[in-house]
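A structural walkthrough
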Amino acid sequence: RRRCLCPSCHQKRALLTGARIAETVCAPVPHRQFVFTMPRNLRGYFRRDRDLLRELPRLAWETVRDVYGEYAPPDAHPGMITFLQTFGELVNWHPHVHALVTDGVFLPAPAASAPAQAPAPATFIPLPDCPGGAFLLLWQERIFALLLERGCITPRVVHIMRSWHHSGFSVDRSVRVHGADHAAIERIVQYMARCPFSL
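Residues numbered from 1 in each chain as written. Predicted model: local features only at pLDDT ≥ 70, side-chain atom pairs only at ≥ 80, totals over all residues. Heavy atoms only, no water.

Inspection of every chain in the model, using the stated rule, returns one cavity of 30 Å³ or more. What lines the largest cavity is Arg32, Phe34, Tyr68, Asp103, Gly104, Leu127, Pro128, Asp129, Cys130, Phe135 and Arg173. Taken together, the residues of the lining of the largest cavity sort by class into six nonpolar, one polar and four charged. (1 Å grid on protein atoms, 1.4 Å probe; cavity = no way out; pocket = protein on both sides within 12 Å on 5 of 7 lines; lining within 4 Å. Points joined across faces, edges and corners; volume = space filled by probe spheres on them. Nonpolar A, V, L, I, M, F, W, Y, C, P; charged D, E, K, R; others polar.)

With a phi angle near 55°, valine 91 is a residue other than glycine that sits in the positive phi range. Residue placement: valine 91 occurs in the loop between β2 (80-87) and β3 (93-102). (Helix = DSSP H or I, 4+ residues; strand = E, 2+ residues; numbered from the N terminus.)

This part covers the pairing of β2. Taken together, the seven bridges between β2 and β3 define a ladder with antiparallel strand orientation. In the strand pairing of β3, methionine 80 is matched with valine 101. Where β2 folds back on β3, the antiparallel hairpin that results is connected by five residues, among which valine 91 adopts a positive phi of roughly 55°. (Pairing = 2+ DSSP bridges.)

Pairing is antiparallel in the open sheet, where four strands are placed in the order β2-β3-β1-β6. At either margin of the open sheet sits one strand with a lone partner, and together these are β2 and β6 (170-177). Here the strands of the sheet are splayed against their neighbours by 20° on average, with no regard to which way each runs. Across six bridges, strand β1 (residues 31-37) lies against β6 in antiparallel orientation. Paired with valine 35 across the bridge in β6 is aspartate 172. Against the sheet, helix α4 (residues 132-149) makes contact with β1, β3 and β6, and its axis sits at roughly 135° relative to β6, the strand it touches most. (Axes fitted to C-alpha atoms, helices over the stretch in contact; angles between N-to-C directions. Contact = heavy atoms within 4.5 Å.)

Structure (structure tokens):
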């Protein structure tokens, strides 16, 4: 019954996770699904060093936070849930990050004036459509910085890869969900939490 070993148990877990996140975690605001991928020639480093793999959700979060920060007030932050997947369509090694991200930011709720008062809800601020190239550039540079810091690649490799017309990095955010569409959020979360193979 461990994760990914039993497709039936894993599917049940994915269904329950999707329902819980849609009903109790996500605010009724617009969301986008982000998919962060990297070139094939860098994926092997994340297979051999699982500590590197654990860094990918943090890098994805920092990428979204910093791009949104260019269009939002200083103390506002997006909401984000990430799922790390290590498989492709053919169950090949393909580490990438799926994320469900609010299509805007939340301002912190003001503090209650009296201890017995319930805190006011956070204020949601929709953002204009951010340029996709900003996400891609930040994601690419954060992966390069991580691998350089760990000594996996050299500055020469980074220089060569930056000169490529198609870098192999990708940030897809084409799927958008309206705030009231709980069923769509549930389906996206089930997809992000799915088992590598079906029954």
